[in-house]
Structures are given as C-alpha cells and as structure tokens.
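In case you want the letters, here they are:
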Amino acid sequence: MTYVDDLKKGFAAVFNPVEGTRNGMDVIKALRFYYEFSLLPFIAFIIVASIMAHFGAIMPSYVPFLSMLLYNPAFAEIAVIISAIVLFWIVTPIGFFINAAIYQVVGYNFLHAWKGDYAKTFSAVMFGSLPLLLFYWLVPVPILGVLALMVFAVWDIIVLVIALSNLQKLSRLAAIGVIFVSVAIVLVAVMILFALTTATLAPFTTLGSSGFYNNTFIPMMR
C-alpha cells in the first residue's frame with residue numbers, strides 16, 4: 001500500500017469504522033501503517049503546541065512528558081518536539097503491545113471469546129487509537145484540549161469495540177465485555193500491587209514517623 005492508501009484507510013477507520021476496520025494486518029504492517037498515518041497529526045501537533053508555547057498559553061498538564069520538559073520558554077519548541085516524539089512514536093506503540101496482549105489473554109485464553117491470533121487484536125487496538133491521534137493537535141489548546149480528550153477518548157473506545165468485533169468475529173456486546181473485563185482485571189491487579197507495596201513499606205514509614213531514626217542514629221552520629 002502507498003502512503004495515500006494508508007491515509008485513506010486510516011480516515012476510513014476513524015469516520016467509517018464498520019467498513020474501515022474489516023481488514024487486519026500483521027504486527028509489523030500495523031506498526032508501519034500507524035507510523036505513516038501519524039506523520040501528519042505529529043506535524044500538526046508540533047505546530048499548534050509550539051504556537052501555544054510561544055504565547056505562554058500551552059497546557060502542559062494535558063500533554064504527557066511536556067510538563068517536565070517545558071521549564072524554560074527559550075527551549076519551548078525543542079520541548080514540544082521531544083514530547084511529540086516520545087508520545088507519538090515511542091510510548092503509544094509500546095502501549096499497543098501491552099493493551100493487545102491484555103485483550104488477547106482475556107479474550108482468547110480467559111473468556112474464550114474468540115479464536116483469532118494476537119495480530120488481529122493488535123490491529124484492533126491500533127485502529128482504536130486513530131481518532132484521538134488524528135485530532136491530538138487540539139490537546140495543547142486551553143479549554144478545547146480538555147474537550148478534545150473527552151470526546152476523542154470515547155471515540156477511540158467506539159472504534160476499538162467495532163474493530164475488535166470485526167477482526168475477531170464476535171458481537172459488539174461481546175467485544176465490550178472483553179474490554180470491560182480486561183480493564184477490571186488491570187484495576188484489581190493495580191489495587192493489589194498498591195496494597196502489597198503499602199504493606200511492605202508500612203514498617204519503614206512507622207519507624208520514620210515514630211522518630212526511631214532521629215532518636216537512634218542521629219545521637220550516634222554526634
């Protein structure tokens with residue numbers, strides 16, 4: 001497929017997901033497709049975010065990685081470019097692998113909702129990212145960025161449900177069920193991990209708050 005063909009396929013997935021997500025790809029082709037389709041949104045994001053940063057109107061808290069880079073207005077444009085590269089071309093693709101693996105384990109191994117392979121799930125996850133990707137250049141704009149995040153995050157989920165349903169040959173309701181169970185399992189795992197971490201660190205926190213360190217070690221140092 002040419003670059004123009006990939007653009008057409010991407011727009012079809014965003015605006016007509018019922019038809020635009022019927023054909024999956026292997027993992028390598030899906031990644032290549034994503035990188036090609038992300039090029040224009042990537043450039044648009046850099047332009048808009050740089051303009052907002054130049055006038056001091058950017059909202060770093062809504063743009064991951066930008067808040068820790070945007071410490072000096074003189075380097076605002078460089079910070080925007082670094083943030084865009086990390087977000088668009090590193091973190092998001094890594095997220096595809098992780099999310100697709102979770103959905104595949106839950107849908108294939110746990111719920112037995114489908115018999116399709118990981119590549120189809122990966123393609124569905126990739127398609128599900130395209131609405132927010134396409135309009136992510138709106139995010140750095142004050143007020144409008146918050147609305148964009150809410151609207152296109154929901155749009156992402158809709159496309160993901162349709163793509164997962166199309167590619168893994170299951171009903172829309174079953175696709176929603178797999179996503180819901182996957183999210184629930186991840187939340188429970190995070191809560192358990194947090195509880196275990198808190199319980200592990202509790203004795204050290206107690207020692208610190210009781211003054212054990214100050215009363216025991218500081219006099220010895222003196």
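Notes on the structure in this doc start here. As the structure is a computational prediction, the values presented were derived from the model and not from experiment.

To continue, consider the overall build of the protein. Per the secondary structure count, the protein includes 9 helices and 0 strands. Beginning at the N terminus, the succession of helices and strands in the protein can be written as α-α-α-α-α-α-α-α-α. Here the protein holds 222 residues, and 38% of them are scored as buried. Looking at the protein alone, contacts between residues at least 24 apart form 68% of all its contacts between residues at least 6 apart. When the accessible surface of the protein is split by element, carbon and sulfur atoms take 76% of a total near 12,500 Å².

Further remarks concern helix H5 (residues 118–128). Since the α-helix advances by 3.6 residues per turn, residues separated by three or four positions end up pointing in the same direction. Counting buried residues along H5, 9 of its 11 residues qualify, which places the element largely inside the surrounding structure. Among all positions in H5, only Ala 119, Thr 121, Phe 122, Ser 123, Ala 124, Val 125, Met 126, Phe 127 and Gly 128 are buried. Buried-residue contacts for H5 involve helix H1 (3–15), helix H2 (17–20), helix H3 (27–54), helix H4 (76–110), helix H6 (130–134) and helix H7 (144–168).

Quick look at the pattern of salt bridges now. Taken as a whole, this structure holds 1 salt bridge when the rule is applied. Note that Arg 22 and Glu 19 form a salt bridge whose closest N and O atoms lie 3.3 Å from each other. Residue classification places Glu 19 among the partly exposed positions, given a relative accessible area of 47%.

This part is about the packing of H5 against H7. Across the interface, H5 lies against H7 with an axial gap of 7 Å and an inter-helix angle of 155 degrees. Accordingly, the angle class assigned to the pair H5 and H7 is roughly antiparallel. The crossing of H5 and H7 is right-handed. Contact residues: Lys 120, Thr 121, Ser 123, Ala 124, Val 125, Phe 127 and Gly 128 in H5; Asp 156, Val 159, Leu 160, Ala 163, Leu 164, Leu 167 and Gln 168 in H7.

What counts and what doesn't
Residues numbered from 1 in each chain as written. Predicted model: local features only at pLDDT ≥ 70, side-chain atom pairs only at ≥ 80, totals over all residues. Heavy atoms only, no water. Helix = DSSP H or I, 4+ residues; strand = E, 2+ residues; numbered from the N terminus. Buried < 20%, exposed > 50% of the residue type's maximum accessible area, 1.4 Å probe, protein only. Contact = heavy atoms within 4.5 Å. Areas by Shrake-Rupley, 256 points an atom, 1.4 Å probe, with all protein chains shown as cover. Salt bridge = Lys/Arg side-chain N within 4 Å of Asp/Glu carboxyl O. Axes fitted to C-alpha atoms, helices over the stretch in contact; angles between N-to-C directions. Parallel < 35°, antiparallel > 145°, perpendicular 65-115°, else oblique. Left-handed = near helix turned anticlockwise from the far one by under 90°.

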